[in-house]
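Chain residues, written in single-letter form:
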Amino acid sequence: MDIRPELLELLARRALTEDAARPEAVERLHARGGRTARENVAALVDPGSFVEYGRFVTAAQSDRRSDDDLLDRTVADGIVGGLATVDGRACAVLSYDYLVMAGTQGMRGHAKTDRLLDVVARLGLPTVFFASGGGGRPGDTDIPLVSALDVTTFAAWARLSGRVPRVAVVDDNCFAGNAVVAGCADLVVATSRASLGMGGPAMISGGGLGEVAAADVGPLDVMTANGVVDVVADDDEAAEVARDLLGYFLGPRQDWSAADQTLLRDAVPEGERRAYDLAPILETIFDDDSVLPLRPGFAPELCTALARLEGRTVGVLANDTRHVAGAVTADAGDKAARFLQLCDAHGFPVVSFVDTPGMMVGPEAERTGLVRHTSRLLVAGASLQVPMIGVVLRRAYGLGAQAMLGGGLHEPLMTVAWPGAHLGAMGLEGAVRLSMRKELEAIEDEAERERTVRELTALAQAHSGALNVARHAELDDVIDPAETRGLLVRLVDAAVRDGRLVGSGRTVDTW
């Protein structure tokens, strides 16, 4: 059967856009541990579901390069993008192509991106953006420009905040404009090969700041400690991790299971000074293999995580007593506030597990801007449109506890406590020492004074126990820890009457 010439030309031109047309470049990238843009897309989306936009675009450099060179070396102007499905749900995916001028951003590439982001906005599609690349690209000659500051891509991408879930993946050097794509996203996945920064080596050197290797600009360990990266992936699994992360935004799952809930009865140690690992508690309460911590290396005293409850996505806040006893620090306030905004924008109920001595205090803490940063958590909690449910595990003291609960015990849809919990305006021993200061100072014998403090603290503990707090109607209930999951399920079911909570759609702060 004869094939018409125009179809042959199409097939030949399409073949030039595939990885098979540049085997040596692909081999070099693989040797570095990387994946091509098309491999990233294939690893993310359902097989056969990808509908590509702008496949045949080339760089705007015909004044300085031949057509053959442009077709061979500027494929798709360095960005692959389109619509697809993930687990059968519609989404969008874009990937800068590191094999085309180091994934830099060309003017036609910007036009392609803008075209696709417009479709994303129209259809409300969750989006994954593989962001690695070297930033803006000089040398485009076909489009008259001077500053190129009228590029609309960054505003279009930022404008989607709160409207659609956006996941950025960084698996290589990611500088300047590419870094802005990552920084504007809701969640950032990165690998050990990532180096993320607002300026790459050339910009650093050009600014008179010395010579810095690309890998040293913003390596993964720095970006996890400072909170830029949400989730770390193995080098060859970034797309798969992004797929799993996107899944939390794509609706309930039907296939779930859960652990034996009676294990929770002994999960929190007795006494207030013993630290413990939160992970077994969260992994028991929520669906098996569903708890995904976000930014775990940043402000570790406060855990933020996505999880599932009978298949439905929820947000999790929890104090981690292994770090500064679970006190709310400036960084913890920022971390938690942004997480609440994320949950609110996308319709995730929030469960807050409280075990905190309160806000961090002291001159060193105040130098961090504590007053403003921790107050962000109160403002974010008070602004929630999605329901919050509070569970006091052990200690709920002071403003830190109130911040964890949206501003107060009665702000959540329901606030319950486990039997060993204590609640108060501040740490009980501190409250005794402050309120009884004159009486204690009158006791000359130091041993006797400390014995008195212990006795008074014990009395305060008895008064501040969960059952007594509930007796005064400050708590909604005190429950057997084994009942926690069932209670959460029923409360979320009551709040989500039509099968899904609609998020507020409000902008999520980048920090």
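You'll find the structure just up there.
Analysis parameters
Residues numbered from 1 in each chain as written. Predicted model: local features only at pLDDT ≥ 70, side-chain atom pairs only at ≥ 80, totals over all residues. Heavy atoms only, no water. Helix = DSSP H or I, 4+ residues; strand = E, 2+ residues; numbered from the N terminus. Buried < 20%, exposed > 50% of the residue type's maximum accessible area, 1.4 Å probe, protein only. Contact = heavy atoms within 4.5 Å. Areas by Shrake-Rupley, 256 points an atom, 1.4 Å probe, with all protein chains shown as cover. Disulfide = S-S within 2.5 Å. Phe/Tyr/Trp six-rings, centres within 6.5 Å; stacked < 30°, edge-to-face > 60°.

Moving on to the overall build of the chain. Counting its regular elements, the chain contains 20 helices and 17 strands. In terms of overall dimensions, the chain has C-alpha extents of about 100 × 55 × 35 Å along its principal axes. Looking at the 511 residues of the chain, the share that counts as buried comes to 51%. By sequence separation, contacts in the chain at least 24 residues apart represent 75% of the contacts at least 6 residues apart. On the chain, roughly 23100 Å² of surface is accessible, and the fraction owed to carbon and sulfur atoms is 54%.

Right, let's talk about the state of the cysteines for a bit. On inspection of all chains with the given rule, the structure shows 0 disulfides. C91 takes part in no disulfide bond, and the closest cysteine sulfur, belonging to C174, lies 20 Å away. The exposure class of C91 is buried, given its relative accessible area of 1%. In this structure C303 is a free cysteine whose sulfur lies 12 Å from that of C343, the closest cysteine sulfur available.

In the structure shown here, the tally under the stated rule is 5 aromatic pairs. Each ring, one from F286 and one from F353, has its centre 6.1 Å from the other, and the planes form 85°; the classification is edge-to-face. Taken together, the residues span a long stretch of sequence, with F286 in the loop between α11 (279-285) and β10 (292-294) and F353 in strand β13 (residues 350-356) at a distance of 67 residues. F353 shares its class with F286; the two are buried. Arranged with centres 5.3 Å apart and planes meeting at 55°, the rings of F298 and W511 form a pair that is tilted. Residue F298 is located in the loop between β10 and β11 (302-309), and its partner W511 is located in the segment after α20 (484-495); the two are separated by 213 residues in the primary sequence. On the accessibility criterion, W511 (34% relative accessible area) is partly exposed. Aromatic ring contacts, followed pair by pair, group Y96, F129 and W157 into a single cluster.

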